[in-house]
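# A structural walkthrough
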Amino acid sequence: MMRSVRCTGAVGCLLAMLLVGAGTAECQDRPKDFPMRPITIQVGSVAGGSNDIGVRIVADSLKKIVGQPVLVENKAGAGGQVMLTDFKNNAKPDGYTLAVFVSPGYVTIPLDPARKAAFSMSDFQWVANHVDDPGAVLVRAESPFKTLEEMLQAAKARPGQLSITTTGIGSDDHLAVLDLQRKTGLRFNIVHFGQGTAEALKAILGGHADVDCDNVGGFLPTVRSGQARILAVMADKRFPDLPDVPTFRERGIDLISSSARGFIAPTGTPPDIVRYLEQALRKAMDDPEHIRRMREVGLSVKFMGSEEITAFIGREEARAKSLIDTYRK
């Protein structure tokens, strides 16, 4: 059984390293008597999706840093709204319950009057960002579209008829499609799949939709299997594991979109605990095993501390507000 050790100065740190191993000797800014029991991370999607997989990978590294089990709890429903509502109502501001926040998908929930959200952004305290998963468009292997240009030409020839899937209203995929329409003047038949990546991919591979707009991390296994291909990515540069796939910018469309995924605590969580968790998450993300496993599943790690991610979310909120009027048209 792993023993809990509190460090006091250099001698204490050395003792901690001897007792529990260098991986768990977190001396700097460790709050008194925290953590003394397991930490739970809530996820607003089903198990097995790219969001869930990324959290489970970092949780394995984080437990080595904090010296306690890190549990992952799935609370799927309404595109994350079920989890966030439960988190706001029941999570105590003590650092033992965190939640994954997906931007801009979760930013849009309280902005959309139709969602009738029981929470606002002020209910959450940002701890750190973990993933920045760029958007992309994918077609099945049998699709006639070999390039982004061919797909856009088909959309121009059939206004409002070419079907394109997203993982839900207000998701980063939905915003990306709305942005694409705004910047090209094209209209798509947007089809939302609220259960996430797997459901949308099933529709694409089954020939029930033409194009899938989602994130690279969710697409890579299907692309590697030869069942589908990515036409373009919505990043400022080509994705390292897809060197032959162009960006939208390379094709003359200034479209940047991604799914940023980080960790929040309830507002009111003590600052020293937030700071410690931020540091612990950063160390977990630097763990070579974490880096290797994230690369294998195609998820791009991008650490942002509490202040940086808070400012980033503010910019995401401004972008979402600029598109909110077109959500349900």
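See the structure above.
Structural notes, computed from the coordinates. (Residues numbered from 1 in each chain as written. Predicted model: local features only at pLDDT ≥ 70, side-chain atom pairs only at ≥ 80, totals over all residues. Heavy atoms only, no water.)

### Structural notes on the packing of aromatic side chains
Aromatic ring pairs are described here by two measures, namely the spacing of the ring centres and the angle between the planes. Note the following rule: Stacked, tilted and edge-to-face are the three classes assigned to paired rings of Phe, Tyr and Trp, where Trp is represented by its six-membered ring and a pair needs centres within 6.5 Å; plane angles under 30 degrees give stacked, over 60 edge-to-face, the rest tilted. Burial status follows relative accessibility: with a 1.4 Å probe on protein chains alone, a residue under 20% of its type maximum counts as buried, one over 50% as exposed, and anything between as partly exposed. Numbering goes from the N terminus for both helices and strands, where a helix is a DSSP run of H or I of at least four residues and a strand is a run of E of at least two.
Summed over all chains, the structure comprises 7 aromatic pairs. With 5.5 Å between their ring centres and 80° between their planes, Phe101 and Tyr106 make a pair best called edge-to-face. As far as the burial class goes, Phe101 and Tyr106 line up, both buried. Ring centres of Phe101 and Trp126 lie 5.2 Å apart, and the angle between their planes is 70°; this geometry places the pair in the edge-to-face category. Taken together, the positions of Phe101 in strand 3 (residues 97-103) and Trp126 in strand 4 (residues 124-140) put the pair 25 residues apart, joining distant regions of the chain.

### So, the pairing of strand 5 (residues 163-166)
The criterion, for reference: Any two strands with at least two DSSP bridges between them are considered paired. By convention, a crossover is right-handed whenever its connection, traced from the first strand over the helix to the second and viewed with the strands pointing away, goes clockwise.
Neither face of strand 5 is left uncovered, since the one carrying Ser163 and Thr165 and the one carrying Ile164 and Thr166 both have all their residues buried. Strand direction decides the pairing type here: strand 5 and strand 6 (residues 189-192), joined by 4 bridges, are parallel. Within strand 6, the position partnered with Ile164 by the bridge is Ile190. You can see the chain leave strand 5, run along helix 5 (residues 172-184) and come back into strand 6, and the turn it takes is right-handed. Note that strand 5 and strand 7 (residues 211-215) share 2 bridges and pair parallel. The residue bridging Thr165 from the neighbouring strand is Asp212, located in strand 7.

### Description of the packing of helix 8 (residues 271-286) against helix 9 (residues 288-297)
Under the convention used in this document: To obtain each axis, a line is fitted to C-alpha atoms, and for helices this fit is confined to the stretch in contact; angles are then taken between N-to-C directions over 0 to 180 degrees. For classification, angles of less than 35 degrees are called roughly parallel, those exceeding 145 degrees roughly antiparallel, those between 65 and 115 degrees roughly perpendicular, and all remaining angles oblique. Any two residues whose heavy atoms approach within 4.5 Å at even a single point are treated as in contact.
Where helix 8 contacts helix 9, the axes come no closer than 5 Å and their chain directions differ by 65°. In terms of their interaxial angle, helix 8 and helix 9 are classed as roughly perpendicular. Between helix 8 and helix 9, the residues in contact are Ala284, Met285 and Asp286 and Pro288, His290 and Ile291, respectively.

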